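Here's the letter readout for the chains.
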Amino acid sequence: MYSTQLRTSKLGATGMEITRVGVGAWAIGGGGWEFGWGPQEDEESVAAIQRALEVGINWIDTAAAYGFGRSEQVVGRAIAGLARRPYVFTKASLLDDGTGRVRHSLKRDSILREAEASLTRLGVEAIDLYQIHWPIPEEDIEEGWSALAELKEQGLVRHIGVSNFDAGQLRRIQAIAPVETLQPPYSLVDRGVEEEILPFAEHEGIGVIVYSPMGSGLLTGAMTRERIERLPADDWRARDPRFAEPQLSKHLALVARLQAVADRYGVTPGAVAVAWTLHNRAVDGAITGFRRPAQVDPVVAAAGLELTEQDISEIEASEGR
C-alpha cells in the first residue's frame, strides 16, 4: 500500500495504517435513489478520487447502496490499473426494492450475493473492509454478521466491521466474531455517539471511522440558505430537518465560529469540522466526501490540523455547550 506524507492512524487491531481522512463515496452515487445527492458526473467523481489519492489519502469508503452499484463502479474505474491501490472499504445489507427505495436484508445468501457483486464492480480480488451498513432488521444481525465472518474465512474480505450499530448490538455480534471496526455518524451537529458508543469502541479496541464529519455539507462553509433552497428534489438533504429552520440558523452560527478558528490556521471551516471529530481519541479516521477535484485539498488539510483545547472550547461554545 501507499507511503504517504499525511498523518496516519492504526485502524483498531486490523493492522491497517489509514490516513486520518479518507474518501467517502456516498455522494458520487448521484441521484435517482432514496438517499441520493442529486445529479453527479462520473468523470468528475473519478477525477476527485484520483486527486485525493495524489495528495496521499490511502483509503476509500463506499457501499453497494450508493446509487445501487453506481458508486462502486466509479470507484472501480478510479483505481483500475493503479500500481499501488488504496484500501477499499464497502458495505452491504441495503438493496433496491425496484422503485429506487431501500430495502434491508441481513440474510446470509443475500450478503454473499452482495459481496460477489461488489467485488466485480470494484475490480478487486478482496475487499479490505466489509461492513454491515445498518442493523436492520435487528433480529437478523447475528445471521448477517456470521455471513461476514464466513466471507473473511474464505479470503474474499480481509477485515469485517459494522456501521450504525449501538453498543448493545456490538456486544451481541462480538459473541460470534470480533468486531474489527465501527462506522458511526459523528459531527458537531450529530454528537449522539459520544456518550456510550465511542467509549465502548475505545474500550474494546474497535477501530472507528466516522461518517458525515462535516454534517453532510452543512459545516463546509459553502452551504448557504440560497444553496439549500436550490437543492434538487432528488437530494436527500432537501428533506433533512437539519437543513431547515429552526435548526438551520443554529448551524449557520456554528459555521461562523468554525470560520473564526479556520482563519487562524489558514484552512476552511470544513477542515476544522473534520479535525474536531479527529480530536476524539476514539476516532481513527474521518470519511470526507468529494464530488469535484477542487474540493479535495481544502479538506485534506484536516489530516494534519491539531486543534487546541481553546479551539475546541470556542467551537463548542457556539452551540451552547
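Figured I'd write up the structure that's included with this text. This is a predicted model, so every value here is computed, not measured. (Residues numbered from 1 in each chain as written. Predicted model: local features only at pLDDT ≥ 70, side-chain atom pairs only at ≥ 80, totals over all residues. Heavy atoms only, no water.)

For the rest of this paragraph, the subject is the pairing of strand 11 (residues 207-210). Of the two faces of strand 11, the one carrying G207 and I209 and the one carrying V208 and V210 are both buried. Between the parallel elements strand 10 (residues 181-183) and strand 11, the chain passes through helix 6 (residues 197-204) in a crossover that is right-handed. When strand 11 meets strand 12 (residues 285-289), the two strands line up parallel, connected through two bridges. Bridge assignment links V210 to a residue of strand 12, and that residue is A286. (Buried < 20%, exposed > 50% of the residue type's maximum accessible area, 1.4 Å probe, protein only. Helix = DSSP H or I, 4+ residues; strand = E, 2+ residues; numbered from the N terminus. Right-handed = clockwise from strand over helix to strand, strands pointing away. Pairing = 2+ DSSP bridges.)

All right, on to the packing of helix 4 (residues 141-154) against helix 5 (residues 167-174) then. Packing of helix 4 against helix 5 brings their axes to within 10 Å, and their N-to-C directions diverge by 55 degrees. What the angle tells us is that helix 4 and helix 5 run oblique. Of the two possible hands of crossing, helix 4 and helix 5 adopt the one that is right-handed. Residues I141, E142 and W145 of helix 4 form the contact with helix 5, whose own contacting residues are Q169, R172 and I173. A per-class count over the contact of helix 4 with helix 5 returns three nonpolar, one polar and two charged. (Axes fitted to C-alpha atoms, helices over the stretch in contact; angles between N-to-C directions. Parallel < 35°, antiparallel > 145°, perpendicular 65-115°, else oblique. Left-handed = near helix turned anticlockwise from the far one by under 90°. Contact = heavy atoms within 4.5 Å. Nonpolar A, V, L, I, M, F, W, Y, C, P; charged D, E, K, R; others polar.)

Next up on the list: helix 11 (residues 309-317). Buried within helix 11 are the following residues: D311, I312, E314, I315 and E316. Where helix 11 is buried, its residues meet helix 8 (247-265) and helix 9 (269-278).

Assignment of secondary structure puts S93 in the loop between strand 5 (87-92) and strand 6 (94-96). Looking at S93, the relative accessible area reads 0%, which means it is buried. A distance of 3.5 Å separates a polar atom in the side chain of S93 from the backbone nitrogen of H133. A polar side-chain atom of S93 sits 3.4 Å from the main-chain amide nitrogen of W134. Sequence-distant contacts of S93, defined by excluding residues within four places in its chain, comprise R103, H104, S105, L106, I111, E114, I132, H133 and W134. (Polar contact = N/O pair within 3.5 Å; in protein donor to acceptor, adjacent residues only side chain to side chain.)

All right, on to the pattern of salt bridges then. A full pass over the atoms with the stated rule returns 26 salt bridges. With its nearest N and O atoms 2.8 Å apart, the salt bridge here joins R70 to D42. Here R70, found in helix 2 (residues 70-79), pairs with D42, found in helix 1 (residues 42-54); they are 28 residues apart in sequence, far enough to count as distant. Overall, D42 belongs to the partly exposed group, its relative accessible area being 25%. Residues E143 and K107 are paired through a salt bridge, measuring 3.6 Å at the closest nitrogen-oxygen approach. Separated by 36 residues along the polypeptide, E143 in helix 4 and K107 in the loop between strand 7 (102-104) and helix 3 (108-122) bring together distant segments of the chain. Given the relative accessible area of 32%, E143 is considered partly exposed. For K107, a relative accessible area of 41% corresponds to the partly exposed category. Look at the salt bridges and you will find they share partners, linking R85, E125, D128 and R158 into a network. (Salt bridge = Lys/Arg side-chain N within 4 Å of Asp/Glu carboxyl O.)

Mapping G161 onto the fold places it in strand 9 (residues 160-163). Accessibility expressed as a relative area gives 0% for G161, which makes it buried. Sequence separation between G161 and D140 is 21 residues; the distance between their C-alpha atoms is 16 Å. The contacts of G161, once residues within four sequence positions are left out, are L129, Y130, Q131, I132, W145, L148 and T181.

This next bit is on the packing of aromatic side chains. Enumeration according to the criterion identifies six aromatic pairs in this entry. Seen in terms of ring centroids, W26 and Y66 are 6.0 Å apart; in terms of plane orientation they differ by 20 degrees. Their pairing is stacked. With W26 in the loop between strand 3 (21-24) and helix 1 and Y66 in the loop between strand 4 (59-61) and helix 2, this residue pair connects regions lying 40 residues apart in the sequence. Given the relative accessible area of 19%, W26 is considered buried. Residue Y66 is classed as buried on the basis of its relative accessible area, which comes to 6%. A centroid spacing of 5.1 Å and a plane angle of 35 degrees characterise the contact between Y186 and W276, whose relative ring orientation is tilted. Remark: W276 occurs in helix 9 and Y186 occurs in the loop between strand 10 and helix 6; sequence separation between them is 90 residues. As far as burial versus exposure is concerned, Y186 and W276 are alike and both buried. Linked through ring pairs, W26, W33, F35, Y66 and F68 together constitute an aromatic cluster. (Phe/Tyr/Trp six-rings, centres within 6.5 Å; stacked < 30°, edge-to-face > 60°.)

By themselves, these figures tell us nothing about what the structure is for.
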